Amino acid sequence: MNVNQPAPPGVPYGQPQPGYTGYQSGYGGQPGPIIPPTPYGAYNGPMPGYQQLPPPGVPRAPPSSGTPPASTTARVPSGQPAYGQFGQGDVQNGPSSTVQMQRPPVSQPFVPAPVAPLVNQPAPFQPYGPPPTSTQVTTQMAGMQISGPAAPPPSALGYGPPTSMASASGSFPGSNLYGSYPQNLAPPTSLAQVHPGAQTPQRSAPLQASSFPPSAAGGPRPPSIAGPSMPGQSFGGPPVSQSNHASSPPPQAQPPMTGPPGPPPPMHSSQPGYQVQQNGSFGPARGPQPNYGGVYSGAPNFGSQPGPPQPPPPKRLDPDSIPSPIQVIEDDRNNRGSEPFVTGARGQVPPLVTTNFIVKDQGNASPRYIRCTSYNIPCTSDMAKQAQVPLAAVIKPLARLPPEEAPPYVVDHGESGPVRCNRCKAYMCPFMQFIEGGRRFQCCFCSCVTEVPPQYFQHLDHTGKRVDFYDRPELSLGSYEFLATVDYCKNNKFPRPPAFIFMIDVSYNAVRSGLVQLLCEELKSLLDFLPREGGAEESAVRVGFVTYNKVLHFYNVKSSLAQPQMMVVSDVADMFVPLLDGFLVNVNESRPVITSLLDQIPEMFADTRETETVFAPVIQAGMEALKAAECPGKLFLFHTSLPIADAPGKLKNRDDRKLLNTDKEKTLFQPQTGFYQSLAKECVAQGCCVDLFLFPNQYVDVATLGIVPHHTGGSIYKYACFQVESDQERFLSDLRRDVQKDVGFDAVMRVRTSTGIRATDFFGAFYMSNTTDVELAGLDGDKTVTVEFKHDDRLSEDGGALIQCALLYTSCAGQRRLRIHNLSLNCCTQLADLYRNCETDTLINYLAKFAYRGVLNSPVKTVRDSLVSQCAQILACYRKNCASPSSAGQLILPECMKLLPVYLNCVLKSDVLQPGAEVTTDDRAYVRQLVTSMDVAETNVFFYPRLLPLTKVPAESSAEPPAVRASEERLSKGDVYLLENGLNLFLWVGASVQQGVVQSLFSVPSFSQITSGLSALPVLENPLSKRVRDLIDSFRAQRSRYMKLIVVKQEDKLEMLFKHFLVEDKSLSGGASYVDFLCHMHKEIRQLLS
Ligand SMILES: [Zn+2]
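Cut-offs and rules
- Residues numbered from 1 in each chain as written.
- Predicted model: local features only at pLDDT ≥ 70, side-chain atom pairs only at ≥ 80, totals over all residues.
- Heavy atoms only, no water.
- Pairing = 2+ DSSP bridges.
- Helix = DSSP H or I, 4+ residues; strand = E, 2+ residues; numbered from the N terminus.
- Axes fitted to C-alpha atoms, helices over the stretch in contact; angles between N-to-C directions.
- Donors = N, O, S within 2.8 Å, 3.2 Å for Na, K, Ca; no water.
- Tetrahedral: all angles 85-135°; square planar, octahedral: opposite > 155°, others 65-115°.
- Buried < 20%, exposed > 50% of the residue type's maximum accessible area, 1.4 Å probe, protein only.
- pLDDT = per-residue confidence, 0-100.
- Contact = heavy atoms within 4.5 Å.
- UniProt positions renumbered as here; feature names shortened; annotations may be inferred.
- Phe/Tyr/Trp six-rings, centres within 6.5 Å; stacked < 30°, edge-to-face > 60°.
- Salt bridge = Lys/Arg side-chain N within 4 Å of Asp/Glu carboxyl O.
- Patch = residues over 30% accessible without salt bridge, like charges linked within 9 Å, V, L, I, M, F, W, Y side chains within 5 Å.
- Areas by Shrake-Rupley, 256 points an atom, 1.4 Å probe, with all protein chains shown as cover.
- Parallel < 35°, antiparallel > 145°, perpendicular 65-115°, else oblique.
- Left-handed = near helix turned anticlockwise from the far one by under 90°.
- Nonpolar A, V, L, I, M, F, W, Y, C, P; charged D, E, K, R; others polar.

Spatially, four strands are ordered β28-β29-β30-β31 in an open sheet, and the strand pairing comes out mixed. Since the sheet does not close on itself, it has two edges, and those belong to β28 (946–949) and β31 (1045–1049), each with one partner. Shown here is a sheet whose adjacent strand axes are inclined to one another by a mean of 20°, direction ignored. Taken together, the five bridges between strand β29 (residues 976–980) and strand β30 (residues 985–989) define a ladder with antiparallel strand orientation. Paired with Leu 978 across the bridge in β30 is Leu 987.

Here is the structure:
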């Protein structure tokens, strides 16, 4: 035992000494009052709608009293870092009565009873059965055009410049995310000549997978898999059009393409055995086409096309033989969706984000808070370098939980604050080891031994476990919160409750579009739904109002006034706040004045002719107002145009599409001035979070305007060409959710790790002024921070690796808290263990964020190439070290990563990395920023959209129809589909859909009478209509932003919008099809292996 281990020199931490006051925490074995857990505790107010009932309240001082708890016998000298968490200040021993008053009753008292019995039961966790083995896809490279040394990579693969779009652009109604789209489609000019013969062996049932990996890769294979390519395929000619759907040809037309003319391979897709793999579990409802004829089976001219003679009749890789995201998602749901995920054991791989499951916290953080790229990490950096698998965690510290799961308990360690390691300052957690009869504990992160503070002392049982183990969340759970003492507060003062400031552009565009009127009307009712903590009766959040164009107008809405007063600040060069008293007010107290103001604003500016706006001074004004009020807060900016008015932060239009695919393309993603970065830094220091709602009619330079929201942990919403009639539902839904959601203010996050690894890189919307502390002026339950880890020493298989994420923040009621998440991972000396415990969805989240940051500094082509190269290395390392020897013609993928190629391809051809002609510079900057904060579930559906057929399941059924792959060939002309990616939502109607279906959904007699571009379905009283509308509602409820519906008819011009999301197909911008990309990856891997 390292009892006497000296602290290393130079560690600048002073540990607060326990105060010996005999303070009893509320959890010393005395269960507090049992309050039914509120499903969303501190962070999870009812989100959508306005159904918040005033819960039985916890009384709280009215916010306007604003008296910050004035306790403190110790002060951090001004100028020192204000956060006690990371540089613990002096001892704080304020009078305990004061401390008690300053700690409002915890919103979620710990109720220990239910936890204990569970833990004592035989570990119910379900070890992650490494599902089957590896996936083998054999491609016959011989004869493949793609692999020919002389052949340059076809542009279809997307590694060359995108094919130019020689088409006119036109605006479509409803195309909000992507302003305009080309109307004409160039037909694909060439067929990627990739041969079939590639087969995925049957996936064995998951439980048969025990012999991973050696036997896995070498599992029985049909002899023909690696056989010579099939001669005689006759569909090598380029199709003249791609516009048809797989189901369009009658079934009898397909066999020639389905069955190879030559000797059929034993496992061809047309064979019954093969059908089982795909269609068996999909069921007949799954795929519209009984026989998959290959990628181009739907091309009507196939075979009849005279075309040039085809010397080596090429064959396609059968899309059904390559790993299917739908199948993987389905399998995981079936295998893991029925049992709770119990977090007791180290290194468990959680179910996929697409699986519905319940989490039981038994000592590790829920995957809703932390997901890792791998749950078993290499012991040495050499191994890690060899594998090239990024070691990263996607952390969502304030994630919302489903109602079935309890929010983190709040723990109060009394006036001496949370118990921490003396040296590394890690917080008490289930992995700390108590020794010497419980008088000391050894840190699981740095091994330092720390005295247990007297008030925290407890005896150990015969196993060395504290007898109060189950009574204390911080000893038995992976996630919990500590009440923070004043040491953890800025300037050693408890924070005041936050304020929201609404800052409304009242220039010509904003008024004319109806935005100002709409917004003011909405705010009148929305202000009743400001976030409240726990059971509080009213929100502690104060509000203020500013309008602006070239000048700023502040409003005094003090409750004693009969009418609001306006104060104009025209000197925007040196922004100041003209009034303090009466600017930030309690909504209930000032309601008549606020209502009057919101009624007057649209009238006051109804006839404005001012078109120019300022932007930076608006943020400065909001920040200064918060500073003057000494509180954190959030600015809600509603802005319409490029800020060209003469003022600090003035911008010019620098959009230039000629920069695409040049070395200068990166400048389009960079801010055009450094001014906003400095402003962001000031905002963060003040705890001023900025949410930006943009309503542009043209380029507004999102890359620059987004800097402050991005670095303050805020959000951006963009409504291009905003029109009240068509866009108000989306805007108001987003606004309501944004205003109501809980936010942690003035937050600092630090990730500690056990010896051997450390956090080296961070991705997300935040600010960092040093290399370890992630600073967030605001953090809400939708935002994630992705953290990368690197080795700095050797890890041991016995010890594993530990991660502790500590988030210090101010709640919406002004309470200072620490939220702690702990996660333990396994460590391995065999690469196979790494590959067996990876999570591809998380890997893609990391890789996308890594790439999207890369475009700031490198040409997008370089970024794409390095992504491909890294993934090829990951897969080549597996092939070389983990798979059993096999023919080089086989592509062998680790089971846990078999979707890596298809998902990676989606990232590569995303709008940021390979934009189509219709994607604007602002769109790219916007998407880039959105993805940076996305969690794993969001990136998963964003890059690979969900596509559901709607008429295959009986209309009365409440079950969600089984999804189909995002490819045109999966669409049946006779069906209707819903597609969503978290931002966009389409209803696609096939041209041959039954009249009854058309009538049921649209209340019109025929397909031709359906209005293209419709954004809502009529409310009709029939089962199909109801079910589809319910499905749309459920999609929307799952996402953090409102998805506006766009109805698309087959072969209508709007269909181009929709096809953009069929990500397994070749894209218009030159992005490769999945099949082509898989072949390309195979080639890359073979090169690495040879
Ligand atoms: Zn330590």
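Still more to cover.
Any two of four tetrahedral donors ideally make an angle of 109.5 degrees at the metal, while pairs among six octahedral donors ideally make 90 or 180 degrees. Only Cys 421 (SG), Cys 424 (SG), Cys 443 (SG) and Cys 446 (SG) from the protein reach the zinc ion as donors, at distances of 2.2 to 2.3 Å. Classification of the site at the zinc ion rests on its four donor atoms, whose angles at the metal span 101 to 115°, yielding the label tetrahedral. In primary sequence terms, the donor set of the zinc ion follows C-x2-C-x18-C-x2-C. Note on Cys 443: relative accessible area 4%, which makes it buried.

Quick look at the confidence of the model for the protein chain now. Per-residue confidence for the protein chain gives a mean pLDDT of 78; residues scoring 70 or more make up 71%. Across residues 1–133, confidence stays below pLDDT 50; counting only partners more than four residues off in sequence or on other chains, it has 269 contacts. Below a pLDDT of 50 lies the segment residues 138–310, which in the model reaches 372 contacts outside its immediate sequence neighbourhood of four places, other chains included.

Right, let's get into the UniProt feature "domain: Zinc finger Sec23/Sec24-type" (unreviewed entry) in the protein chain. Under the local residue numbering, the UniProt record ascribes the feature "domain: Zinc finger Sec23/Sec24-type" (unreviewed entry) to residues 418–456. With 0% helix and 23% strand, residues 418–456 has its two end C-alpha atoms placed 10 Å apart.

Tallied over the entire structure, the rule returns 33 aromatic pairs. With a centroid separation of 6.5 Å and 55° between ring planes, the pair formed by Phe 500 and Phe 745 is classed as tilted. Highlighted residues: Phe 500 in strand β14 (residues 499–505) and Phe 745 in strand β21 (residues 743–753), separated in sequence by 245 residues. Measuring from centroid to centroid gives 5.8 Å for Tyr 846 and Phe 850, while their planes differ by 20°, and the two rings are stacked.

By the definition in use, this model includes 50 salt bridges. The salt bridge involving Arg 836 is made with Asp 833; its shortest N-O contact spans 2.4 Å. Of the two residues, Arg 836 and Asp 833 both sit in helix α17 (residues 831–836), three residues apart, roughly one turn of that helix. A relative accessible area of 18% means that Arg 836 is categorised as buried. Arg 946 serves as the salt-bridge partner of Glu 980, at 2.8 Å between the closest nitrogen and oxygen. Of the two residues, Glu 980 is situated in strand β29 and Arg 946 in strand β28; the sequence distance between them amounts to 34 residues. Residue classification places Glu 980 among the buried residues on the basis of a relative accessible area of 0%. Residue class for Arg 946 comes out buried when judged on its relative accessible area of 13%. One continuous salt-bridge network, built from bridges that share partners, spans Arg 400, Arg 737, Asp 738, Lys 741, Asp 780, Asp 782 and Lys 783.

Our next topic: a nonpolar patch on the surface. On the surface, a nonpolar cluster with roughly 250 Å² of combined accessible area is contributed by Met 566, Val 568 and Met 604. Among the residues examined, Met 566 registers a relative accessible area of 35% and is labelled partly exposed.

Glancing now at the sheet that holds strand β18 (residues 633–639). Reading across the sheet, the seven strands line up as β17-β16-β15-β14-β18-β19-β20 and stay open at both edges, with mixed pairing between neighbours. A strand with exactly one partner marks an edge of an open sheet, and here the two such strands are β17 (565–569) and β20 (716–718). Going from strand to strand, the sheet's axes swing by 20° on average, the running direction of each strand aside. The pairing of β14 with β18 spans six bridges and is parallel. Its bridge partner being in β18, Phe 500 is matched across the sheet by Lys 634. Running at roughly 160° to β18, helix α12 (residues 616–629) makes contact with β14, β15 (542–548), β16 (552–556), β18 and β19 (688–694) of the sheet. Contacting β14, β18, β19 and β20, helix α16 (residues 724–740) runs over the sheet at an angle of about 170° to β18.

Before going further, it helps to examine the packing of helix α18 (residues 840–854) against helix α21 (residues 921–932). Closest axis-to-axis distance for the α18/α21 pair is 9 Å, and the angle between their directions is 140°. It follows from the interaxial angle that α18 and α21 lie oblique. As α18 runs across α21, the sense of the crossing is left-handed. When α18 is examined against α21, the residues Ala 848, Lys 849, Tyr 852 and Arg 853 are found in contact with a partner set consisting of Val 927, Arg 928, Val 931 and Thr 932. Classifying every residue of the contact of α18 with α21 by side-chain character gives four nonpolar, one polar and three charged.

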